[in-house]
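Report on the structure
Residue-level listing of the chains:
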Amino acid sequence: MSLEYTSSEMMTVTAARALENGSTCFVGIGLPSEAANLARLTHAPDVVLIYESGTLQTKPNVLPLSIGDGELAETALTTVAVPEMFRYWLQGGKIDVGFLGTAQIDKYCNLNTTLIGDYREPKVRLPGGGGAPEIATNAGEVFITLKHSSRAFVEQVDFVTTLGFGRDGKGRDDVPNIGKGPTRVISDLCVMKPDPETKELVVVSLHPGVTREQVQEATGWEIRFAEQLESTPEPDENELTILRELKARTDRAHAGQ
């Protein structure tokens, strides 16, 4: 009998499974942090989680509210200055994976966390890039996770805050000292990877019960599907139990209980 789980839990578990044990991961706040810590608590106990505030090999008991959350410093192996974090660890090529979220993503994996609408008269101002632009260009590869909707998955982002593969898919061509860029995008409907040649996102795996039509309806361009389209493995009982306990602890802690 299949376990009951939500689409959000499916996304988080799938994203967590993408992290390999022993890898070094530069973690974004929000969905990436949830997935990275689930990986640490399940199949990847030796994953090294690094946050932008300078916390190295942190092992938070609850999910942080921000990069400045004291939980990260209290549970870290050590902390370093932010300039050292970026110049030595990130730009020095010591980060295997950057794990990012976003407000908008386009067909070439460019990310927008700056604004919605026209730059001079935006409809909405977003928090900005933080360290994401540097993470995306210096980490060995980048994983991206976000919920799937036509507002989030757009043909062209309103502003390129963080480089994926540029407006034409060639933004990383012949650029030295730069990582591979985004290698997978995990949503609550499917898993996508860039086409090796064009760099356009292609759906490679559908989550259980999700149809091609659902993915297309939630995507702002004519998305492509792999010829050998797979079905994403379901979460197991252990993953769901640990994820739910982590979120429950977090809710209690943030409520001051």
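The present account deals with the structure reproduced in this document. Sequence order as written defines residue numbering, which begins from 1 separately in each chain. Residue-level local features of this predicted model are given only where pLDDT is at least 70; pairs of side-chain atoms are given and counted only at 80 or more, and the full residue set underlies all totals for whole chains, interfaces and linings. Neither water nor hydrogens contribute to the side-chain values; these are computed over all heavy atoms in the structure.

1. Details of the pairing of strand E1 (residues 24-27)
Stated precisely, the cut-off is as follows: Throughout, exposure labels follow a simple rule: accessible area from a 1.4 Å probe, protein chains only, divided by the maximum for the residue type, with under 20% read as buried, over 50% as exposed, and the rest as partly exposed. Each helix is a run of H or I in the DSSP string that is no shorter than four residues. Each strand is a run of E no shorter than two, and both are numbered from the N terminus. Only when DSSP finds a minimum of two bridges between them are two strands counted as paired. By convention, orient the strands away from the viewer: a clockwise path from the first strand over the helix to the second makes the crossover right-handed.
Neither face of E1 is exposed, since Thr24 and Phe26 on one face and Cys25 and Val27 on the opposite face are all buried. Across three bridges, the pairing between E1 and strand E2 (residues 48-50) is parallel. Paired with threonine 24 across the two strands is valine 48, which belongs to E2. A crossover connection joins E1 to the parallel E2 through helix H2 (residues 31-41); in handedness this β-α-β unit is right-handed.

2. Re the sheet that holds strand E12 (residues 190-194)
Basically, it comes down to this: Helix axes are fitted to C-alpha atoms over the stretch in contact, other axes to C-alpha atoms as well, and angles between N-to-C directions run from 0 to 180 degrees. Two residues form a contact once any of their heavy atoms are found within 4.5 Å.
With mixed pairing, the eight strands of this open sheet are ordered in space as E2-E1-E5-E10-E11-E12-E13-E14. Only two strands of the sheet have a single partner each, and these edge strands are E2 and strand E14 (224-231). On average, each strand axis in the sheet is inclined to that of its neighbour by 25°, with strand direction left out of account. One ladder, built from four bridges, connects strand E5 (residues 97-100) with strand E10 (residues 141-145); its direction is parallel. Note on E10: the bridge partner recorded for leucine 100 is isoleucine 144. Sheet contacts for helix H1 (residues 7-17): E5, E10, strand E11 (182-186) and E12; angle to E11, the most-contacted strand, approximately 155°.

3. Concerning the side chain of threonine 145
Spelled out, the test is: Pairs of N or O atoms within 3.5 Å make up the polar contacts considered here, provided that, within protein, one atom can donate a hydrogen while the other can accept it, and that residues adjacent in sequence are counted only when both atoms are side-chain atoms.
Within the secondary structure, threonine 145 is located in strand E10. At 3.1 Å, the side chain of threonine 145 forms a polar contact with the backbone oxygen of isoleucine 186. Residue contacts for threonine 145: discarding those within four places in its chain leaves Met11, Ala15, Leu31, Pro32, Phe99, Leu100, Gly101 and Ile186.

4. Some points on the pairing of E10
Most of E10 sits inside the fold, with five of its five residues counted as buried. What you see with E10 is no split at all: Glu141, Phe143 and Thr145 on one side and Val142 and Ile144 on the other are buried throughout. Relative to E11, E10 runs parallel, the two sharing four bridges. Within the sheet, the bridge partner assigned to valine 142 lies in E11 and is proline 182.

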